[in-house]
Structures are given as structure tokens and as C-alpha cells.
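# Fold and contact review
Spelled out from the first residue to the last, the chains are:
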Amino acid sequence: NGMTIAVLGSGLNHIYPKRNRSLYYAIAKQGLVITEYLPETKPKPYQFPERNRIISGLSYATLVIEATEKSGTLITVDQALDQGREVYAVPGSPYLAETLGCHKLIQEGAKLVKNSLDIEMDWEEFGKEWLQPWRYSCKMDMDLFDKSDINIYISEDFNTQLMIQKINDFYMNVFVIDSTVLF
């Protein structure tokens with residue numbers, strides 16, 4: 001019943017990988033596609049970890065199912081923690097490299113997840129509180145950045161007026177250029 005939000009690591013005119021083009025259009029039509037990069041920006045490897053701070057900032061929590069000890073996923077976890085988000089990890093066999101990152105996270109304080117009820121219970125207890133001051137949560141995160149450096153590009157298929165209303169709730173300047181929202 002929720003809405004899917006896709007955060008691109010490239011510009012809106014460069015869907016990566018190309019085989020995800022139909023997924024991109026489906027999400028743009030029914031959800032939200034955003035990027036911080038200019039529409040013509042081609043994907044580069046360093047842009048994907050950069051965009052993960054936006055993903056974790058939009059999320060209530062980060063759930064890690066598999067991660068090696070040096071996984072890029074751990075960058076996202078660090079960003080989530082910096083943003084005051086919850087971190088969950090699923091344990092696995094200690095003999096599999098793909099689970100060692102999860103074990104490390106659990107040792108460092110991530111919540112161990114055995115099944116979906118573990119997250120649902122936290123959501124019931126804390127989720128509504130997290131949603132209440134939507135403005136406060138975002139404003140707190142936005143204070144970490146110089147607002148003049150932030151540009152977010154939103155797919156033209158999205159309900160622009162609804163997004164402008166939400167952005168204005170954050171007391172930010174909004175500009176609409178060719179159905180692209182910049183704030």
C-alpha cells in the first residue's frame with residue numbers, strides 16, 4: 001500500500017542499468033523518482049554511495065540482509081546512523097563471507113532481525129512517533145547541508161504540486177523548471 005521512491009545515482013535522462021527502464025517508468029508513474037544530479041549526468045561509481053545518504057534519510061530504518069565486512073552497504077549504514085535512523089541486520093552462517101558484515105553490525109548494536117515481526121513491533125512502538133514531526137525530522141537532516149548546494153530533480157511524471165507543498169512545509173525555496181523540481 002506504500003509508495004515506492006527510487007533515488008538515482010545518475011541524471012533522470014540516464015537510467016542505469018538500462019534494463020531497468022520499464023521499472024523506472026512504472027515507479028515514476030505510481031511513485032517518485034528523484035536524483036540530486038543534473039538530468040544529463042551519466043552514472044559514475046562514486047555517485048551511488050553518495051545517493052545512499054538520500055535513501056537512508058528518506059527511510060525510517062535500514063535493514064541489512066547480507067553484507068561482507070567491507071561491503072558498500074556499510075557506508076549506507078553509517079549514513080543512516082548519522083541521520084538518527086534505526087539499523088537492523090539479519091544474521092547468517094558465520095562461515096559465509098556475505099553474512100560477516102551483518103554479524104559485525106549486530107555486535108555493534110544493530111537490532112537482530114529473525115522475522116518481519118521484529119521490525120513491525122518497533123514500527124508500532126516508534127514509527128508513528130517518527131512520522132509525527134515529518135518537518136522536524138527532515139529539517140534536522142537538512143541543517144547538515146548548505147541549502148544552496150542542494151538540488152533534487154524529480155521525474156516529470158510525479159505529482160509536482162504535491163511535492164512542492166511538502167517541500168514548502170520544510171521552509172525551503174522551490175523552483176520548477178520544465179517539470180523538474182529544484183530545492
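How each quantity is defined
- Residues numbered from 1 in each chain as written.
- Predicted model: local features only at pLDDT ≥ 70, side-chain atom pairs only at ≥ 80, totals over all residues.
- Heavy atoms only, no water.
- Pairing = 2+ DSSP bridges.
- Helix = DSSP H or I, 4+ residues; strand = E, 2+ residues; numbered from the N terminus.
- Right-handed = clockwise from strand over helix to strand, strands pointing away.
- Axes fitted to C-alpha atoms, helices over the stretch in contact; angles between N-to-C directions.
- Parallel < 35°, antiparallel > 145°, perpendicular 65-115°, else oblique.
- Left-handed = near helix turned anticlockwise from the far one by under 90°.
- Contact = heavy atoms within 4.5 Å.
- Nonpolar A, V, L, I, M, F, W, Y, C, P; charged D, E, K, R; others polar.
- Core = buried A, V, L, I, M, F, W, Y, C linked by side-chain atoms within 4.5 Å.
- Buried < 20%, exposed > 50% of the residue type's maximum accessible area, 1.4 Å probe, protein only.
- pLDDT = per-residue confidence, 0-100.
- Salt bridge = Lys/Arg side-chain N within 4 Å of Asp/Glu carboxyl O.

### Overview of the pairing of strand S4 (residues 86-89)
Looking at chain direction, strand S3 (residues 61-64) and S4 are connected through 4 bridges and run parallel. When the sheet's bridge partners are listed, Val64 is paired in S4 with Ala89. Summarising the sheet, S4 and strand S5 (residues 111-112) pair through 2 bridges and their orientation is parallel. Paired with Ala89 across the two strands is Leu112, which belongs to S5. For the crossover that starts at S4, traverses helix H4 (residues 97-107) and ends in the parallel S5, the hand is right-handed.

### Describing the packing of helix H2 (residues 47-58) against helix H3 (residues 73-82)
The geometry of H2 relative to H3 is characterised by a closest axis approach of 9 Å and an angle of 45° between their N-to-C directions. Taken together, the axes of H2 and H3 lie oblique to each other. Along this stretch, H2 crosses H3, giving a crossing that reads as right-handed. Contacts between H2 and H3 pair Pro49, Asn52, Arg53 and Ser56 from the former with Ile75, Thr76, Gln79 and Ala80 from the latter. Residue composition of the contact of H2 with H3, by class: 3 nonpolar, 4 polar and 1 charged.

### Remarks on the sheet that holds S5
With respect to topology, 3 strands assemble into an open sheet ordered S3-S4-S5, the strand pairing being parallel. Whereas interior strands pair on both sides, the edge strands pair on one side only; in this sheet they are S3 and S5.

### A short note on the nonpolar core
Formed by Val64, Ala67, Leu74, Val77, Ala80, Val87, Ala89, Cys102, Leu105 and Ala110, the largest nonpolar core amounts to 10 residues. Looking at this core, the element that brings in the most residues is H3, giving 3 residues. Once residues lying within four places of it in the same chain are set aside, the contact partners of Ala67 are Thr73, Leu74, Ala97, Glu98, Thr99, Leu100, Gly101 and Cys102. By size, the runner-up hydrophobic cluster in this structure holds 8 residues, among which are Leu8, Leu12, Ala28 and Val33.

### Brief notes about the confidence of the model for the protein
For the protein, the mean per-residue pLDDT works out to 76, and 68% of the residues sit at or above 70. By mean pLDDT, the top-scoring element of the protein is S5 (96), and the lowest-scoring one is strand S7 (residues 175-177) (34). Contacts for the low-pLDDT stretch residues 133-150, under 50 throughout, to residues beyond four places or in other chains number 18 contacts. Contacts for the low-pLDDT stretch residues 166-183, under 50 throughout, to residues beyond four places or in other chains number 39 contacts.

### Brief notes about the pattern of salt bridges
Considering all chains together, one arrives at 3 salt bridges under this definition. Glu86 serves as the salt-bridge partner of Lys111, at 3.3 Å between the closest nitrogen and oxygen. Of this pair, Lys111 sits in strand S5 while Glu86 sits in strand S4; the two residues are 25 residues apart in sequence, bridging distant segments of the chain. For Asp122, the salt bridge goes to Lys111, with nearest N and O atoms at 2.8 Å. Of the two residues, Asp122 is situated in helix H5 (residues 116-131) and Lys111 in strand S5; the sequence distance between them amounts to 11 residues. Judged by relative accessible area, Asp122 falls into the buried class, the value being 12%. Using a relative accessible area of 30% as the deciding quantity, one classes Lys111 as partly exposed. A single salt-bridge network, built from bridges that share partners, covers Glu86, Lys111 and Asp122.

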